[in-house]
Amino acid sequence: FEAGLQRLTETAAVAAIRGEGNVWGVQCAALPGRTSHEVACAIVRACYDGDEAGHAIHLLGPLSGDVLRIAPPLVMPLDEAQEYLDAMYAIIDRI
């Protein structure tokens, strides 16, 4: 799971990943013409709307201005978590 989150830093919109266990923070980066807070809000909206396959992701945030909290259910199978992390990567990469 952690590797899937760390992969998000390959997008221009994610500056860093912090956390451990089942609670993680995604720190958003500023993009041209947008503050890191605006990027965080755009990610929350886009993830909530989901992708073409219906993968909608509920994020908490932005906290502290530009940090999104991710806390997946403890009962979520790892393969399903990876599927949603892949969807999240694609959604964020389009921001």
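Note: the structure precedes this text.
Quick caveat: nothing in here was measured; it's all calculated off a predicted structure. (Residues numbered from 1 in each chain as written. Predicted model: local features only at pLDDT ≥ 70, side-chain atom pairs only at ≥ 80, totals over all residues. Heavy atoms only, no water.)

Caption draft 1: Main features of the pairing of strand β2 (residues 23-28). Taken together, the 6 bridges between strand β1 (residues 14-20) and β2 define a ladder with antiparallel strand orientation. Across the sheet, residue Ile17 finds its bridge partner in β2, namely Val26. Taking the residues between adjacent antiparallel strands as the criterion, β1 and β2 are bridged by 2 residues, where Gly21 takes a positive phi near 60°. (Pairing = 2+ DSSP bridges. Helix = DSSP H or I, 4+ residues; strand = E, 2+ residues; numbered from the N terminus.)

Caption draft 2: Looking closely at the packing of aromatic side chains. Counting across every chain of the model gives 0 aromatic pairs. When the ring centre of Tyr89 is taken as reference, the NZ or CZ atom of Arg7 above it lies at 3.7 Å. (Phe/Tyr/Trp six-rings, centres within 6.5 Å; stacked < 30°, edge-to-face > 60°. Lys NZ or Arg CZ within 6 Å of the ring centre and 35° of its normal.)

Caption draft 3: Region of interest: the pairing of strand β3 (residues 60-63). Of the strand pairs in this sheet, β3 and strand β4 (residues 67-70) are connected by 2 bridges, and their pairing is antiparallel. Within the sheet, the bridge partner assigned to Leu60 lies in β4 and is Arg69. Counted along the chain from β3 to the antiparallel partner β4, the turn is 3 residues long, and its residue Ser64 has a positive phi close to 50°.

Caption draft 4: Seen up close, helix α2 (residues 36-49). An ideal rise of 1.5 Å per residue puts 20 Å on 14 residues; α2 measures up with 20 Å between its terminal C-alpha atoms. Taken together, the buried positions of α2 are Val39, Ala40, Ala42, Ile43, Val44 and Cys47. On its buried side, α2 packs onto β2, β3, β4 and α3 (78-93). (Expected span 1.5 Å × (residues − 1). Buried < 20%, exposed > 50% of the residue type's maximum accessible area, 1.4 Å probe, protein only. Contact = heavy atoms within 4.5 Å.)

Caption draft 5: Spatial organisation of the side chain of Asp66. Take Asp66: it is sitting in the loop between β3 and β4. Within the buried core, Asp66 has no salt-bridge partner, and the shortest N-O distance to an opposite charge, that of Arg18, equals 6.1 Å. In this structure, Asp66 is in contact with Val26, Gln27, Cys28, Ser36, His37 and Ala40, ignoring residues within four places of it in sequence. (Lys, Arg positive; Asp, Glu negative; His and termini not counted. Salt bridge = Lys/Arg side-chain N within 4 Å of Asp/Glu carboxyl O.)

Caption draft 6: Spatial organisation of the nonpolar core. If you look at the biggest cluster of nonpolar residues, it comprises 23 residues, and the most contacted ones within it are Leu8, Ile43, Leu59, Leu68 and Met88. Contributing elements (two or more residues each) for this core: β1, β2, α2, β4 and α3. If we skip the residues at most four places from it in the chain, Leu68 touches Trp24, Gly25, Val26, Cys28, Ala40, Ile43, Val44, Leu59, Leu60, Gly61 and Pro62. (Core = buried A, V, L, I, M, F, W, Y, C linked by side-chain atoms within 4.5 Å.)

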